[in-house]
Amino acid sequence: MRRLLALLLLLWPLAAEGEEVVAALSQTRVAITTGFTGSEIFVFGATKREEPAPADQQLDIVVAVTGPPEPVKLRKKERVAGIWINGEAVQIDSAPSLYVVATSRPFHEAMSFTDDLRYKVGLENAVRLIDAPLWVEDPDAYRQALMRIRRDEGLYFVKEGGVDIIEDTLFRATIDLPAKLTEGDYLARIFLLRDRQVLDVFHTSILVRKVGLERWIYWMATEMSWLYGLLSIAVALTAGWLASAFFRYFLP
Amino acid sequence: MNIYLPIAEMSVNALLLLGLGGGVGLLSGLFGVGGGFLMTPLLMLIGIPPAVAVATEANQIVASSFSGVLAHWRRKTVDVKMGLVLLSGGLVGSFFGVRIFAALREMGQSELMVSLCYVVFLGIVGGLMLIESVNAMRRSRKGTRRKPRGSRHTWIHGLPFKMRFRQSNLYISAIPPFLVGLLVGVLAAIMGVGGGFVMVPAMIYLLGMATTVVVGTSLFQIMFVTGFTTLTHAIVNQTVDAVLAVLLLVGGVVGTQIGVRLGPKLRAEQLRILLALLVLVVCFVLAWGLVARPDELFSIDPGVGH
């Protein structure tokens with residue numbers, strides 16, 4: 001009973017404002033086929049309210065799509081005897097495999113730092129390093145490096161102004177998923193904000209799956225690796241023989 | 001034209017890979033090298049994870065070397081007996097090499113060791129080949145002929161287990177070819193290559209084999225060792241990417257066939273200088289990568305994540 005009360009209290013400020021977000025994605029399944037070159041997801045929706053919109057409070061929408069979080073090890077190169085050598089690994093406790101955020105205004109003009117911390121939306125809060133080994137002089141450099149590397153690979157990016165708001169009610173955004181996508185259940189969150197405070201959140205998952213040939217090859221490689229290895233060799237030998245026979249016939 | 005690789009989990013340009021396969025296959029047919037020493041670094045350069053690059057490259061070399069072996073077989077330029085002795089050493093070497101590589105990966109130093117191995121071996125082999133072939137060209141210009149190598153007596157001829165290798169025009173102990181095969185097997189597993197660039201010079205300069213059968217015999221041994229490596233990687237690491245392999249080997253087998261036909265039309269000494277220069281260029285590029293300050297000091301360890 002006490003727990004339920006606590007939960008109600010927690011939800012209270014959300015419910016009290018009375019404004020909700022209704023949203024939909026153009027697709028909640030992404031199929032990785034042989035010709036997969038990335039995917040574009042169209043996000044659209046509206047705010048739902050009983051009373052007229054408060055005129056003095058700025059409406060903002062933040063769309064965040066994140067891949068499954070996982071630990072990542074980073075190494076820093078050091079110069080030893082004139083050669084650059086990898087140092088000891090430092091583990092980043094949690095980092096999403098993909099991080100794409102679109103906002104209606106510059107990020108912290110749309111969302112307060114407090115709510116950013118609470119919902120872990122901003123990149124700074126999405127990549128976490130809790131406890132680094134004692135010998136690490138600057139743990140945050142590792143975290144920053146991971147964000148930099150993933151940003152350069154096109155896996156992490158923020159589109160400020162990527163959400164269009166129409167008539168203080170409707171909104172739309174396009175989220176570009178890169179070609180370097182891995183399988184997993186991706187999380188899409190759409191935040192409704194007024195005066196930088198989160199009023200409501202819409203959650204949905206995007207299931208990223210390999211299909212067809214891609215799925216079959218991956219399954220063979222992991223589940224029947226013996227057969228897969230032998231088949232790989234057989235394919236190689238056949239191709240070698242075909243080329244040899246072909247050239248002998250046409251270009252003796 | 002982009003294509004998604006199921007094991008590497010990334011999208012790449014199919015035409016680029018076909019071209020890479022073709023170019024490297026051409027060298028394979030010309031010189032009797034697997035071409036892995038060029039392909040593996042190139043694949044890593046376009047962003048393929050090193051473990052996938054190494055394993056898949058082994059699979060591709062099976063195709064290009066088989067295609068080459070067939071062509072040499074018809075011309076009767078494969079010394080099967082010598083090939084089998086080299087192969088027995090190669091399988092033993094590959095077995096240990098895989099374990100060494102696994103230990104290095106654990107320490108996060110596999111990349112460094114691979115680069116160091118490349119620099120050292122490519123440097124030695126390329127340098128020796130260049131000196132040797134330049135000297136040979138000078139001699140042939142002067143009109144003097146080099147003494148046939150088979151008649152020279154060295155310590156190698158004093159070893160036991162002598163065998164007659166008719167096609168190689170040799171009567172030597174089985175120990176040196178076994179050891180050469182062993183060394184190449186270890187290198188093949190650690191560096192993700194066939195090892196032809198070490199074996200071909202070793203066969204010519206160390207064993208003194210007749211040059212006509214060197215390329216065919218080298219390809220014969222490489223085919224089996226890389227087949228063994230492919231299977232090991234597929235079972236242990238599951239890093240063989242079938243789509244990537246097919247793209248590479250389609251280009252590769254075609255390139256090899258052209259190379260094999262082009263080879264006899266070119267002059268052997270010039271060919272060897274060309275290969276020596278190529279080996280030295282790759283060596284220099286990798287050495288530069290070791291000493292130059294990298295743009296990004298940090299790297300993501302591929303050991304975890306999946």
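Residues numbered from 1 in each chain as written. Chains lettered and ligands numbered in written order. Predicted model: local features only at pLDDT ≥ 70, side-chain atom pairs only at ≥ 80, totals over all residues.

### Examining the overall build of chain A
A tally of helices and strands in chain A yields seven helices and twelve strands. For 252 residues, the compact-globule formula gives about 18 Å, and the C-alpha radius of gyration of chain A, at 24 Å, lies well above that figure. Structurally, chain A occupies a C-alpha span of about 85 × 50 × 40 Å along its principal axes. Residues counted as buried form 32% of the 252 residues belonging to chain A. (Helix = DSSP H or I, 4+ residues; strand = E, 2+ residues; numbered from the N terminus. Rg over C-alpha atoms; globule rule 2.2 N^0.38 Å. Buried ≥ 20, exposed ≤ 12 C-beta atoms within 10 Å, placed from the backbone.)

### With respect to the overall build of chain B
Looking only at helices and strands, chain B features ten helices and five strands. Since a compact globule built from 306 residues should have a radius of gyration of about 19 Å, the 19 Å found for chain B is in line with a globular shape. C-alpha atoms of chain B, sized along the principal axes, occupy 60 × 40 × 40 Å. A total of 306 residues make up chain B; the buried ones form 54% of that total. Look at the contacts in chain B between residues 6 or more apart in sequence, and 80% of them connect residues 24 or more apart. (Contact = placed C-beta atoms within 7 Å.)

### Considering the interface of chain A and chain B
With 49 residues of chain A at the contact, the number on the chain B side is 48 residues. Only strand S5 (69-80), strand S6 (83-96), helix H5 (139-152), helix H6 (212-223) and helix H7 (225-250) of chain A provide two or more residues apiece to the side of chain A that touches chain B. At 16 residues, H7(A) tops the list of elements feeding residues into the side of chain A that touches chain B. When the residues that make up the side of chain A that touches chain B are grouped by side-chain class, the tally is 28 nonpolar, 13 polar and eight charged. Sheet topology places S5(A) next to strand S5 (residues 298-300) of chain B; three bridges connect them, and they run antiparallel. Paired with A:Arg75 across the bridge in S5(B) is B:Ser299. (Nonpolar A, V, L, I, M, F, W, Y, C, P; charged D, E, K, R; others polar. Pairing = 2+ DSSP bridges.)

### Structural notes on the packing of helix H6 (residues 175-191) of chain B against helix H7 (residues 196-206) of chain B
Residues and elements named next belong to chain B. For the pair H6 and H7, interaxial distance at closest approach is 10 Å and the crossing angle is 165 degrees. Relative to H7, the element H6 lies roughly antiparallel. When the axes of H6 and H7 are compared, the crossing they make is right-handed. Within the contact between the two elements, H6 uses Pro176, Val180, Leu183, Val184 and Leu187 and H7 uses Val198, Met199, Ala202 and Leu206. Looking at the contact of H6 with H7 residue by residue, the classes come out as nine nonpolar, no polar and no charged. (Axes fitted to C-alpha atoms, helices over the stretch in contact; angles between N-to-C directions. Parallel < 35°, antiparallel > 145°, perpendicular 65-115°, else oblique. Left-handed = near helix turned anticlockwise from the far one by under 90°.)

### Remarks on the environment of B:His72
Relative to the helices and strands, B:His72 resides in helix H3 (residues 50-74). Remark: the alpha-carbon pair of B:His72 and B:Val215, spanning 143 residues in sequence, is separated by 8.2 Å.

### Let's talk about the pairing of S6(A)
Residue and element names in this part refer to chain A. In the sheet, S5 pairs with S6 via ten bridges, with the strands oriented antiparallel. Of the residues in S6, the one forming a bridge with Pro69 is Pro96. Linkage of S5 to S6, two consecutive antiparallel strands, is achieved through a turn of two residues, within which Ala81 is found at a positive phi near 50 degrees.

### What to know about the packing of H6(A) against H7(A)
What describes two packed helices is the angle between their axes and the distance between those same axes. All names here are of chain A. Closest axis-to-axis distance for the H6/H7 pair is 5 Å, and the angle between their directions is 115 degrees. Note on element contacts: H7 touches H6 through Ser225, Leu227 and Tyr228, opposite Met220, Ala221 and Thr222. Along the lines of polarity and charge, the residues of the contact of H6 with H7 split into four nonpolar, two polar and no charged.

### Concerning the environment of A:Thr222
Relative to the helices and strands, A:Thr222 is located in helix H6. Judged by the 11 C-beta atoms lying within 10 Å of it, A:Thr222 falls in the exposed class.

### Overview of the nonpolar core
The biggest cluster of nonpolar side chains holds 144 residues, and the ones touching the most others in it are A:Val62 and A:Val63. A:Val72, A:Tyr142, A:Ala145 and B:Ile300 belong to the second-largest nonpolar core, a separate cluster that totals eleven residues. (Core = buried A, V, L, I, M, F, W, Y, C linked by C-beta atoms within 7 Å.)

### Focus on the pairing of strand S10 (residues 170-177) of chain A
Residues and elements named next belong to chain A. Side chains Phe171, Ala173, Ile175 and Leu177 project from S10 onto a buried face, and the interleaved Leu170, Arg172, Thr174 and Asp176 project onto a face without burial. Where strand S3 (residues 39-48) and S10 come together, eight bridges link them in antiparallel fashion. Across the sheet, residue Ser39 finds its bridge partner in S10, namely Leu177. The pairing of strand S9 (residues 163-166) with S10 spans four bridges and is classified as antiparallel. Each residue of the ladder has a partner; that of Asp164, found in S10, is Arg172.

### Structural notes on the sheet that holds strand S4 (residues 59-66) of chain A
Residues and elements named next belong to chain A. In space, the six strands of this open sheet follow the order S2-S12-S11-S4-S7-S8, with mixed pairing throughout. Edge strands, defined here as strands with exactly one partner in the open sheet, are strand S2 (29-32) and strand S8 (156-160). Within the sheet, the average angular offset between the axes of one strand and its neighbour, ignoring direction, is 15 degrees.

### Overview of the sheet that holds S3(A)
Residues and elements named next belong to chain A. The sheet built from four strands is open, its strands ordered S1-S3-S10-S9 with antiparallel pairing. Two strands close off the open sheet at either side, each with one partner strand: strand S1 (20-25) and S9. Looking at each pair of strands side by side, their axes are set apart by 20 degrees on average, direction ignored. Pairing geometry for S1 and S3, over six bridges, is antiparallel. Looking across to S3, one finds that Glu20 is bridged to Lys48.

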